[in-house]
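Architecture at a glance
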Amino acid sequence: MAETIIIRVQSPDGVKRITATKRETAATFLKKVAKEFGFRNNGFSVYINRNRTGEITSSPNKSLNLLKIKHGDMLFLFPSSPAGSSSENMDTSSMSQGVRPLGVPQVVEDEIDQYLIKQDGKIYRNKDQQQCRHGPLGKCVHCVPLEPFDEDYLNHLEPPVKHMSFHAYIRKLTGGADKGKFVALENISCKIKSGCEGHPPWPEGICTKCQPSAITLNRQKYRHVDNIMFENHTIADRFLDFWRKTGNQHFGYLYGKYTEHKDIPLGIRAEVAAIYEPPQIGTQNSLELLEDPKAEIVDEIATKLGLRKVGWIFTDLVSEDTRKGTVRYSRNKDAYFLSAEECITAGHFQNQHPNICRLSPDGHFGSKFFTVVATGGPDNQVHFEGYQVSNQCMALVRDECLLPCRDAPELGYAKESSSEQYVPDVFYKDIDKFGNEITQLARPLPVEYLIIDITTTFPKDPVYTFSISQNPFPIENRDVLGETQDFHSLATYLSQNTSSVFLDIISDFHLLLFLVTNEVMPLRDSISLLLEAVRTRNEELAQTWKKSEQWATIEQLCSTVGVQLPGLQEYGAMGGSTHATTSAMWACQHCTFMNQPGTDHCEMCSLPRS
């Protein structure tokens, strides 16, 4: 009987052992390899050396003994197709058994993530004239490039950076000898695992298989967003006008985009281009959000403008001296930066906007959604402070395990298990009066363990995605101030902005939302061309849309409110006589009913058109 040997074969999916004999041919051996790894055809190559030399061909004449392959040798398998697409050559039967090639999950990450994955990310240093003793092409410990997660480098930046970027954290996980082959960013779960049949369901029974692990809170070392930048001061000033005029707190959603933040290795910056203010009830010390029937439409319009919902903002301002214009400095290290209730709200929003991630079995990990607080600073002026809550906080909020304390806003409280819900133990580490590190049960819990601060800035050179006017269009949901969005306010806005560039007039985020969401003449299905013109800053596209029947109807509606539009006559000239105006739908001056073109009397009240 031929002597049996075991050959190890290493592939991107791991190492497997193949049983063979010394007299076995290479062709027979390769068939065993294909069956073991689940390959259908010859979609792979096997080499004797790791550097892809000494390929073993499918020869029926050469034996393993002739190829000098001995018991215990390591061979190296490389798929013929690119990494991540080797599943095309895998046997479907093995896929159905749960064997999946190691690669990226079938998720599409954000554009900024796809860009940063391709970047080198290393921190290059110049030759040190005093310490380096080598030639111009050499490198030593004093000038060799640093990894993007180098803590000493981040601590010596000005100002120091406490949290590495998320992509730097990924590089740290995947930078070892195994190149992150076994890295999996798993989301924390605080719920009992379903499907355990060895005992009755909770509260009658629980076991170590289905019981969630206890959680020890740690300060998160990375953050998903490294910088928040408002494009210009006007965006923030218009938002603060509500508090200045009423004294009540206010809330808004931030719309913008994610770009590269070059001040931090592999960093991400969120650029805020607009603030949408949903229906709400605000007082001097509270905020209540109301149901927003337009939320889906707003997100749709923002997407067509190349924007997305990136965060939320709220005010916490108390006037200290109205003559000096100062505000109270209340959020500091002696009080709190975010209250427990605000942390829970932030965690709720972050769970609604997960970060798509290829390294997570769930396809998502953490969130890029952030919180901005407009509050008083140390100089008693309005400051904008940015925050996120940690992934541990997101898990506690998602599984309803965290509560705020009524009398201490800086403290949260981990729920106790009940007959309706099992809650795992939550701990945090602290230093006692003797300087010893102790573990405390999170009842109560200091919320600073859950908070990640983010630098919030304004650029030296303002950026304007949307045009800025001295007489801007009213902001939505500000009826309490007497600022309403209707065709009278639209007519007033158009009459006061007489720019010859139509794109500058129409490039207002709140105006575009009104054109889409108004109840008289909604343009949701016919405004895509205009949104594309605003997104690409294309005046020709804007002029093309201006000649449409929809804009003629909007001008007719504006003329019925008694405000003469200076551009109405010009439009008739550009549109080819006044036929476009008369052929459009018209609103009755008496009952505002929209009538079909070509009629002289209102179909609703039967009164004449003029």
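Residues numbered from 1 in each chain as written. Predicted model: local features only at pLDDT ≥ 70, side-chain atom pairs only at ≥ 80, totals over all residues. Heavy atoms only, no water.

1. Considerations on the domain arrangement of the chain
This is how the line gets drawn: A domain assignment, automatic or from a database, supplies the domain bounds used here.
What the domain assignment reports for the chain is domain 1 (4-79), domain 2 (222-404) and domain 3 (479-561). On a C-alpha basis, the centres of domain 1 and domain 3 stand 69 Å from each other.

2. Some details on the UniProt feature "domain: MPN" (unreviewed entry) in the chain
The condition that has to hold: UniProt positions are given in the numbering used here, feature names are shortened, and annotations may be inferred rather than shown by experiment. Working definition: helices are DSSP H or I runs of at least four residues, strands are E runs of at least two. Numbering for both runs from the N terminus.
In the numbering used here, UniProt assigns the "domain: MPN" (unreviewed entry) feature to residues 228-365. Taken end to end, residues 228-365 is 27% helix and 36% strand, and its first and last C-alpha atoms sit 20 Å apart.

3. Points about unusual backbone geometry
Cis rather than trans, the peptide bond between W202 and P203 has omega equal to 15°. Turning to its location among the elements, P203 is positioned in the loop between α5 (166-173) and β6 (215-217). For the bond running from R443 to P444, omega is 5°, close enough to zero to count as cis. Phi is positive for R52, which is not a glycine, with a value near 65°. In this structure, R52 sits in the loop between β3 (44-47) and β4 (74-79).

4. Describing the pattern of salt bridges
Spelled out, the test is: Salt bridge, as used here, is a side-chain nitrogen of Lys or Arg placed within 4 Å of a carboxyl oxygen of Asp or Glu. Exposure classes here rest on a 1.4 Å probe applied to the protein chains alone. A residue is buried below 20% of its type maximum, exposed above 50%, and partly exposed in between.
Tallied over the entire structure, the rule returns 21 salt bridges. Its salt-bridge partner being D226, residue R223 comes within 3.3 Å of it at the nearest N-O pair. The exposure classification of R223 matches that of D226, with both residues buried. Through salt bridges with shared partners, a single network forms among D110, D113, R308 and K368.

5. Quick word on the pairing of strand β9 (residues 251-261)
As a reminder, the rule being used: One bridge is not enough; two strands pair if DSSP finds at least two bridges between them.
Extensive coverage of β9 is indicated by the burial of eight of its eleven residues. Note: β9 against strand β13 (residues 308-316), six bridges, orientation antiparallel. Considered in β13, the bridge of G256 is made with R308. Pairing geometry for β9 and strand β10 (residues 267-276), over nine bridges, is antiparallel. Following the sheet pairing, L254 is matched in β10 by I275. Adjacent in sequence and paired antiparallel, β9 and β10 are bridged by five residues, among which L266 carries a positive phi angle near 55°.

6. Looking at the sheet that holds strand β22 (residues 426-431)
Our working rule: Simply put, an axis is a line fit to the C-alpha atoms, just over the touching stretch for a helix, and the angle between two N-to-C directions goes from 0 to 180 degrees. Any two residues whose heavy atoms approach within 4.5 Å are treated as being in contact.
If you walk across this open sheet you meet the three strands as β6-β22-β23, and the pairing is mixed. Strand pairing shows two members of the sheet lacking a second neighbour, β6 and β23 (437-441), which therefore form its edges. Between one strand and the next, the sheet's axes are offset by a mean angle of 35°, whatever the strand orientation. Judged from the three bridges that link them, β6 and β22 form a sheet pairing that is parallel. The residue bridging T216 from the neighbouring strand is F427, located in β22. Packing against the sheet, helix α9 (residues 391-398) makes contact with β6 and β22, and its axis sits at approximately 135° to β6.

7. Description of the packing of helix α8 (residues 340-352) against α9
The following threshold applies: Orientation categories follow fixed angle ranges, with anything under 35 degrees roughly parallel, anything over 145 roughly antiparallel, 65 to 115 roughly perpendicular, and all other angles oblique. Under the grouping applied here, Gly and all other residues not named as nonpolar or charged are polar, the nonpolar ones being Ala, Val, Leu, Ile, Met, Phe, Trp, Tyr, Cys and Pro and the charged ones Asp, Glu, Lys and Arg.
One way to put it is that α8 packs onto α9 with a least axis distance of 8 Å and a crossing angle of 90°. The angle between α8 and α9 falls in the class roughly perpendicular. On α9, the residues touching C343, I344, G347, H348, Q350 and N351 of α8 are C393, M394, V397 and R398. Residues that form the contact of α8 with α9 fall into these classes: five nonpolar, four polar and one charged.

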